[in-house]
Amino acid sequence: MDKNRYSDLIVQQGNELVILTQNEDGVFEESLKFDRIKLDSSNTVFCSIGDFDGDASPDIMVVKVSYSFIDWDFSGIINFQFRRC
């Protein structure tokens, strides 16, 4: 996430996603550069990282499965709702 060659983690803690960045010693710490991402519930979500908006910075796509739809959230920027077929 911070583009420093070291792997980072996104961890769900209740109703928030926390970004843990790895330093050169291999230690993961909560990032001071990125805010926690608030979720509307503590239900399990799935995340994917990519450059979804073409700005050369990593974006987080959050996917939440519920009873009637799948909700894709690009770091709180865009919400789509797709109905299951």
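Just so you know, these numbers come straight off a predicted model, no measurement behind them. (Residues numbered from 1 in each chain as written. Predicted model: local features only at pLDDT ≥ 70, side-chain atom pairs only at ≥ 80, totals over all residues. Heavy atoms only, no water.)

Chemist: I would appreciate a short explanation of the pattern of salt bridges in the present structure.
Modeler: Once the charged atoms of two side chains with opposite charge are near each other, the side chains can pair. Within this structure, the stated rule accounts for three salt bridges. Glutamate 30 is paired through a salt bridge with arginine 36; the nearest N and O atoms lie 2.9 Å apart. For glutamate 30, a relative accessible area of 38% gives the class partly exposed. Through salt bridges that share partners, Glu16, Glu30, Arg36 and Lys38 make up one connected network. (Salt bridge = Lys/Arg side-chain N within 4 Å of Asp/Glu carboxyl O. Buried < 20%, exposed > 50% of the residue type's maximum accessible area, 1.4 Å probe, protein only.)

Chemist: Please clarify how unusual backbone geometry should be interpreted in this entry.
Modeler: One non-glycine residue, lysine 3, adopts positive backbone phi at about 60°. Inspection of the secondary structure assignment puts lysine 3 in the segment before strand E1 (9-13). Even without being a glycine, arginine 5 presents a positive backbone phi close to 80°. Along the chain, arginine 5 turns up in the segment before E1. Residue classification places arginine 5 among the exposed residues on the basis of a relative accessible area of 75%. (Helix = DSSP H or I, 4+ residues; strand = E, 2+ residues; numbered from the N terminus.)

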